[in-house]
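# Structural features, examined
Chain by chain, the residues:
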Amino acid sequence: MEDFLVGKDTALSKKVLNVAGIPLSLNDIQFTILKHNYDSNPLILYGLYQGIIGGPNIRKSAYSGKYVYADLIDNAVEFINSNRGAESKNSKVFRVSGMYQRNAAFFKDFQPDLTSHLLTYLEGEQRSELQTASNIEADINDWTVTDLYGSSRDLGGSFATSNAALVGAASGANPS
């Protein structure tokens, strides 16, 4: 899955959309349109589902204008405080998802800006462990494809507790 999403000639970099005659890739939308129009706000990252366990969850309901900011914050809190988002390795190193390195464009001065962003949403003892760490390593990755049925994985993985909104849409049933 990593080869499918990361690199120069990937599914995310192919011009698969045409908007007003302009060919666009998903990377164009993320790194040009959204990044520019929302002042490089990293909360955007938590709304871009990529279908891998190592990324933010898909929401049970669609984003709407009135609640989008609060929903992005909810996704950020869930992701950052999960074992997919961040964890202390030892007193000097704090590990974070490789998603942050892949999206370094949202963090002008990577380590200090990422630290500040994480501290906004990090809870519990992980907060103090990040504050005392001297280095951040963006090496938490799980490229396993998620399922859309809300199953869970064994310890050491992720808990996918979100039923996909698409499941109900595909079957015509209302998701619970």
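If you're wondering where the values come from, they're calculated on a predicted model, not measured in any experiment.

### Observations concerning the overall build of the protein chain
- From N to C terminus, the protein chain includes seven helices and five strands.
- Listed by position from the N terminus, the elements making up the protein chain come as α-β-β-α-α-β-β-α-α-α-β-α.
- About 10,200 Å² of surface is accessible on the protein chain, with carbon and sulfur atoms providing 54% of the total.

### Section: the packing of helix H3 (residues 68-80) against helix H5 (residues 110-121)
- In the contact formed by H3 and H5, the axes pass within 9 Å of each other and the chain directions differ by 100°. In terms of their interaxial angle, H3 and H5 are classed as roughly perpendicular. Contact residues: Ile73, Ala76, Val77 and Ile80 in H3; His117, Leu118 and Tyr121 in H5.
- When its residues are assigned to classes, the contact of H3 with H5 shows six nonpolar, one polar and no charged.

### Section: the packing of aromatic side chains
- The tally for this structure, following the rule as stated, stands at five aromatic pairs.
- Between Tyr100 and Phe107, the aromatic rings sit 6.1 Å apart at their centres with planes inclined by 70°, giving edge-to-face as the arrangement. Comparing Tyr100 with Phe107, the two get one shared label, buried.
- Here a set of aromatic residues connected by ring pairs shows up, and it is made of Tyr46, Phe79, Tyr100, Phe107 and Phe110.

### Describing the environment of Leu114
- Along the chain, Leu114 falls in helix H5.
- Relative accessible area serves as the criterion here: at 0%, Leu114 is assigned to the buried category.
- Sequence-wise, Leu114 and Pro42 are 72 residues apart; in three dimensions their C-alpha atoms are separated by 9.0 Å.

### Overview of the pattern of salt bridges
- Enumeration according to the criterion identifies six salt bridges in this entry.
- Asp71 is the partner of Arg59 in a salt bridge, and the nearest nitrogen-oxygen pair spans 3.1 Å. You can see Arg59 sitting in the loop between helix H2 (26-37) and H3 and its partner Asp71 sitting in helix H3, a full 12 residues away along the chain.
- Among the ionic pairs, Lys89 bridges to Glu137, the shortest N-O distance being 3.5 Å. Of this pair, Lys89 sits in the loop between strand E3 (86-88) and strand E4 (93-97) while Glu137 is found in strand E5 (residues 135-140), placing the two residues 48 residues apart along the sequence.
- Here the salt bridges share partners, and the residues they tie into one network are Glu87, Arg95 and Asp139.

### With respect to the packing of H5 against helix H6 (residues 125-132)
- Here H5 crosses H6 at 165°, and the two axes come no closer than 9 Å. On the basis of their axis angle, the class for H5 and H6 is roughly antiparallel. Where H5 crosses over H6, the two elements pack in a sense that is left-handed. Listed contacts from H6 to Thr115, Leu118, Leu119 and Thr120 of H5 are Arg127, Leu130 and Gln131.

### Side note on the nonpolar core
- One finds Tyr46, Ile80, Val96, Tyr100 and Leu114 to be the most contacted residues of the largest nonpolar core, which totals 24 residues.
- Contributing elements (two or more residues each) for this core: H3, E4, helix H4 (98-102) and H5.
- For this core, the element with the highest residue contribution is H5, accounting for five residues.
- The contact partners of Val96, leaving out residues within four places of it in the chain, are Gly85, Ala86, Leu114, Leu118, Ile136, Glu137, Ala138, Asp139 and Ile140.

### Section: a nonpolar patch on the surface
- There is a patch of nonpolar side chains on the surface, built from Val16, Leu17, Val19 and Leu26 and spanning about 330 Å² of accessible area.
- Position of Leu17 among the secondary structure elements: in strand E1 (residues 17-19).

Cut-offs used in this document
- Residue indices begin from 1 for each chain and proceed along its sequence in written order.
- Local features are withheld for residues below a pLDDT of 70 in this predicted model, meaning they are given only at 70 or higher, and side-chain atom pairs are given and counted only at 80 or more; totals for whole chains, interfaces and linings count all residues.
- Values shown for side chains rest on all heavy atoms present in the structure; no hydrogens or waters enter the calculation.
- By definition, any uninterrupted DSSP run of H or I lasting at least four residues is a helix, any uninterrupted run of E lasting at least two residues is a strand, and each is numbered from the N terminus.
- With residues, only the protein chains shown are counted as cover, and all accessible areas are computed by Shrake-Rupley using a 1.4 Å probe.
- In this analysis an axis means a line fitted to C-alpha atoms, helices contributing only their contacting stretch, and an angle means the value between N-to-C directions, from 0 to 180 degrees.
- Oblique is the label for any angle not under 35 degrees, not over 145, and not in the 65 to 115 range, which are roughly parallel, roughly antiparallel and roughly perpendicular in turn.
- Whether two residues are in contact is decided by their heavy atoms, any of which lying within 4.5 Å being enough.
- Any residue outside Ala, Val, Leu, Ile, Met, Phe, Trp, Tyr, Cys, Pro, Asp, Glu, Lys and Arg is labelled polar, Gly included; the first ten of those are nonpolar and the last four are charged.
- Any Phe, Tyr or Trp ring, taking Trp's six-membered ring, that has another such ring centre within 6.5 Å forms a pair; planes under 30 degrees apart are called stacked, those over 60 apart edge-to-face, and the others tilted.
- Here's how the labels work: a residue is buried when its accessible area is under 20% of the maximum for its type, exposed when over 50%, partly exposed in between, all with a 1.4 Å probe on protein chains only.
- Throughout this description, the term salt bridge denotes a Lys or Arg side-chain nitrogen within 4 Å of a carboxyl oxygen of Asp or Glu.
- Crossing handedness is defined as follows: a turn of the near helix away from the far one that is anticlockwise and smaller than a right angle gives a left-handed crossing, while the clockwise case is right-handed.
- Nonpolar cores are built from buried Ala, Val, Leu, Ile, Met, Phe, Trp, Tyr and Cys residues. Side-chain atoms within 4.5 Å join them into one set.
- Exposure above 30% relative accessible area and the absence of a salt bridge qualify a residue for a patch, where like charges join within 9 Å and nonpolar side chains (Val, Leu, Ile, Met, Phe, Trp, Tyr) within 5 Å.

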